[in-house]
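Chain by chain, the residues run as shown.
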Amino acid sequence: MNYPTIQHLIGRDWIASPTPEDRAVINPANGQTIGQIPQASAADLDHAVHSAESAFRRWKNSSPMERSAILRRFADLLRQNDRLIAGWITLDEGKPLAEALAEVRASADHVDWHAEECRRIYGRIIPSRSPRVQQLVVREPIGVCLAITPWNFPLSQAVRKVAAALASGCTMILKAPAEAPAGCMAIARYLLDAGLPEGCLNLVWGNAAFISETLIARPEVRKITFTGSVEVGKHLAELAGRHMKRATMELGGHAPVLVFDDTDATAAARALAVNKLRNAGQVCIAPTRFYVQQGIYDRFLSELVSAFESVKVGAGLAEGTQMGPLCHRGRVNAMEKLVEDARENGARVLTGGKRLGNHGNFYAPTIVDTPNDDIDLMREEPFGPIAVVSSFRDIEDGLSRANGLPFGLASYVFTNSLERADKAAAGLQAGMVSINQFGLALPETPFGGVRDSGYGTEGGTETFEGYLITKFISRNRAPVL
Ligand SMILES: O=CCCCC(=O)O
C-alpha cells in the first residue's frame, strides 16, 4: 500500500521542504516510521492566508449549484477510493480496516449532505412599515476559516468542517493532525480532482501553537473551528475572543450511560461493549462512565466482562481484528496512569488493566468497578478502551452523578420505560442523548456539546450557522426627501 507523502497544499502547490523539526508518522501497530510531517514556516502560513483570502473573493460569489456539484464529485471520489483511503487510516491511526472503511463511507455521506443543504441557505423578507421599503435578510459566508482537526477520526472530523465551509462559500486553511495525517491528504487530493478552485482549501502541518496563534491573529481569518481536548479548546477560544473571531468548539466529553434495571442486561452490555471499544475507545462520544442501577448491577457487569474478553485485539490490517492499537504511545501511558490511580483508590479491575505485547500501542479492553466518583478515571475522559462502572439507586441519583462533571457532550440511556427515558433525556446536561441505541454523528443530525464540551454544532440543518453572517438590507425605492 503506497502511503502518501505528507505535504502542505497552498493554492495549487504541493510543498514540503524538509526541516530538522519534521516529525515522523508512526504506525501504532508496530512502531515503524511510515512518513514525515513537514513544519509550516511563517512564510508558508502567510502564503496560505493570501491564497485563501484571494480564493474567497471569487468563491463567495459562486452559485450553490457549482459548489454542490464539486462536493458531489468529491463524495464520489471518496467512495471510489474507499479501500485505499481506509488502508491509509488504519496504517497511521490504527483502527481496524472495517472501521476505517466505515469512516470513509460516512465521510462521503457527510459531503453529500452539505452538497444538498447548501442549495437551501435562505434569507428572508421582513414586512416593512412603508410600502416603499423592502427589508431583506441575507446570509453571507463569513470568510477564511481555520480548522484544526483531530487524529481519532482523521477523515470524517475534517470532512465535516471542510464541507460546511466550502458549501457555504467560505475558504479554509486546514491544520491537520500529525499523528494520523493521511485522511487530510486524501481530502485535499480528491477535492482538487473534483474541480475545487485553487486556494479554496489550503492544508498546513506543523506546530499547533505556532499555527493557531499566527493564524487566529490574522485579520483575514474570520473563524476558527476546532475538535479536540477541552484544555486546548479553552485556549483557542480565548485567542478567538481576543481577536473577535467566530469559534466552533467540539471538545471532549466523558459520556455517562444510565442503565436502568428494567432493561435487558445482556443486550445492553453487548451493545455498549461494541460502542465503548470502537476505535479502541478513542471517540469523543464513547460511552465511558457506566452508571448501572443496583437491581441488575451484577448481571450487567458479568455480561460486560464477557463481552470485553471476547474482543480480538490486533493490528488493524490483520484479518478478524476487532480492536486495534491506541494511536500513539502517550495514550497507553495515560491508560496506565488512570488504572494505577484507580487501584490505589480501592477500585477493582475486573478485566484488562494492562498493555498487551512488546510492539505497538496495544492496551487490553478494561473494566474498572468503583463506588467512588472521586478517582481520576471518573473525572478525566480516558479516551481509550476503559469502561468505569458504578451502581446507582434511582433516577435522581443516576442523573445527579451523570451531571456531576463539567462536560456535556454525549450521554446514553438504556431502559424499557418511556417515562424514565423522557425524564433522563430532559435531565441530562448534554448536547446529545441517545436512548437504547447509538444514533449520533449522522450527517443529517446536529452534533455538539454544552458546558465544557464546547459550543456550536456540526451537521443537521444547523451545519452552516457557524460559517454564515447575517446581513440586513433596508432598501427604499428612492432617496428619502
Ligand atoms: O470523536 C468524536 C467524533 C465521533 C465521530 C463518530 O462517532 O463517527
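Only a predicted model underlies this, so the values are computations on that prediction, with no experimental measurement involved.

When its secondary structure is counted, the protein chain shows 14 helices and 20 strands. Radius of gyration (C-alpha) of the protein chain: 23 Å, near the 23 Å computed for a compact globule of 481 residues. For the protein chain, the C-alpha atoms occupy an extent of roughly 80 × 60 × 40 Å along the three principal directions. For the protein chain, with 481 residues in total, the buried portion stands at 56%. Here the analysis covers contacts within the protein chain between residues at least 6 apart in sequence; of these, 73% occur between residues at least 24 apart. Between the averaged position of the 51 positive side-chain charges in the protein chain and that of its 53 negative side-chain charges there is a distance of 7 Å.

Counting 64 residues, the largest nonpolar core has L258, I285, F290, F300 and L304 as the members making the most contacts within it. The leading source of residues in this core is helix α10 (residues 297-309), at 7 residues. Mapping this core onto the domain boundaries places at least three of its residues in each of domain 1 (8-251 + 453-472) and domain 2 (255-442). Once residues within four sequence positions are removed from consideration, L304 is found in contact with A269, A273, F290, I367 and V389. With 59 residues, the next largest nonpolar core counts I37, A75, V111 and A147 among its residues.

With that settled, consider the sheet that holds strand β20 (residues 468-476). Read from one edge of the open sheet, 3 strands run β5-β6-β20, paired in antiparallel fashion. Two strands bound the open sheet, and with one partner strand each, they are β5 (124-126) and β20. Mean inter-strand twist for the sheet, computed between neighbouring axes without regard to direction, equals 25°.

Close to the ligand lie N152, F153, Q157, R278, V283, C284, I285 and A441. In the model, an oxygen atom of the ligand is placed 2.9 Å from a nitrogen or oxygen of the N152 side chain. Here an oxygen atom of the ligand and a backbone polar atom of C284 are 2.8 Å apart. Calculation on the ligand without its partners gives an accessible area of 270 Å², and the protein chains cover 90% of this total. Partitioned by chemical class, the residues of the shell around the ligand number 5 nonpolar, 2 polar and 1 charged. When residues of the shell around the ligand are assigned to domains, at least three fall in each of domain 1 (8-251 + 453-472) and domain 2 (255-442).

So, about the sheet that holds strand β13 (residues 287-293). If you walk across this open sheet you meet the 7 strands as β14-β15-β16-β13-β12-β17-β18, and the pairing is mixed. Of all strands in the sheet, those bounded by a partner on one side alone are β14 (348-351) and β18 (432-435). Each strand of the sheet is rotated relative to its neighbour by a mean of 25°, with strand direction disregarded. Each of β12 (255-259), β13, β16 (386-392) and β17 (410-414) is contacted by helix α9 (residues 265-277), which is oriented at about 165° to β13, the strand it contacts most.

Looking now at the domain arrangement of the protein chain. Here the protein chain is described as being made up of domain 1 (8-251 + 453-472) and domain 2 (255-442). If you average the C-alpha positions of domain 1 and of domain 2, the two centres end up 31 Å apart. Facing the 21 residues of domain 1 at the interface are 27 residues of domain 2. Summed over both partners, the interface of domain 1 with domain 2 comes to about 1900 Å²; 61% of that surface belongs to carbon and sulfur atoms. Contact with domain 2 buries surface across domain 1, with P28, W151 and S453 losing the most and accounting together for 26% of the total. Taken together, the connections running from domain 1 to domain 2 amount to 0 salt bridges. At the junction of domain 1 with domain 2, the criterion picks out 8 residue pairs in polar contact (both at pLDDT 80 or more).

The subject of this paragraph is the UniProt feature "domain: Aldehyde dehydrogenase" (unreviewed entry) in the protein chain. In the numbering used here, UniProt assigns the "domain: Aldehyde dehydrogenase" (unreviewed entry) feature to residues 14-472. Helix makes up 39% of residues 14-472 and strand 20%, whereas the separation of the span's terminal C-alpha atoms amounts to 40 Å.

We now examine the pairing of strand β10 (residues 221-227). Across a regular strand the side chains alternate sides, sitting on one face of the sheet and then on the other. With 6 of its 7 residues buried, β10 lies for the most part within the structure. In this sheet, β10 lies alongside strand β7 (residues 144-148) in parallel orientation, the contact comprising 5 bridges. The residue bridging L146 from the neighbouring strand is I224, located in β10. You can see the chain leave β10, run along helix α8 (residues 230-242) and come back into strand β11 (residues 246-250), and the turn it takes is right-handed.

Two strands pair when backbone bridges link them, and β5 and strand β6 (residues 133-141) are joined in this way by 3 bridges, in the antiparallel orientation. Bridge pairing in β6 links I125 to L136. Linking two consecutive strands that pair antiparallel, namely β5 and β6, is a turn of 6 residues.

Our next topic: unusual backbone geometry. Backbone geometry at N279 places phi at a positive 50°, although glycine is not the residue there. Tracing the backbone through its elements, the reader meets N279 in the loop between α9 and β13. The exposure class of N279 is buried, given its relative accessible area of 2%. The phi dihedral of A441 falls on the positive side, at around 65°, and the residue is not glycine. In this structure, A441 sits in the loop between β18 and β19 (454-455).

The N-to-C vectors of helix α1 (residues 42-59) and helix α7 (residues 208-217) enclose an angle of 45°; their axes lie 11 Å apart at closest approach. In terms of orientation, α1 lies oblique with respect to α7. Here the hand of the crossing between α1 and α7 comes out right-handed. Residue-level inspection shows A42, L45 and V49 of α1 in contact with α7, the latter providing F210, I211, T214 and L215. Looking at the contact of α1 with α7 residue by residue, the class counts come to 6 nonpolar, 1 polar and no charged.

The rules behind the values
- Residues numbered from 1 in each chain as written.
- Predicted model: local features only at pLDDT ≥ 70, side-chain atom pairs only at ≥ 80, totals over all residues.
- Heavy atoms only, no water.
- Helix = DSSP H or I, 4+ residues; strand = E, 2+ residues; numbered from the N terminus.
- Rg over C-alpha atoms; globule rule 2.2 N^0.38 Å.
- Buried < 20%, exposed > 50% of the residue type's maximum accessible area, 1.4 Å probe, protein only.
- Contact = heavy atoms within 4.5 Å.
- Lys, Arg positive; Asp, Glu negative; His and termini not counted.
- Charge placed at Lys NZ, Arg CZ, Asp CG, Glu CD.
- Core = buried A, V, L, I, M, F, W, Y, C linked by side-chain atoms within 4.5 Å.
- Domains from an automatic or database assignment.
- Pairing = 2+ DSSP bridges.
- Axes fitted to C-alpha atoms, helices over the stretch in contact; angles between N-to-C directions.
- Near = heavy atom within 4 Å.
- Polar contact = N/O pair within 3.5 Å; in protein donor to acceptor, adjacent residues only side chain to side chain.
- Areas by Shrake-Rupley, 256 points an atom, 1.4 Å probe, with all protein chains shown as cover.
- Nonpolar A, V, L, I, M, F, W, Y, C, P; charged D, E, K, R; others polar.
- Buried area = accessible area lost by both parts, 1.4 Å probe.
- Salt bridge = Lys/Arg side-chain N within 4 Å of Asp/Glu carboxyl O.
- UniProt positions renumbered as here; feature names shortened; annotations may be inferred.
- Right-handed = clockwise from strand over helix to strand, strands pointing away.
- Parallel < 35°, antiparallel > 145°, perpendicular 65-115°, else oblique.
- Left-handed = near helix turned anticlockwise from the far one by under 90°.

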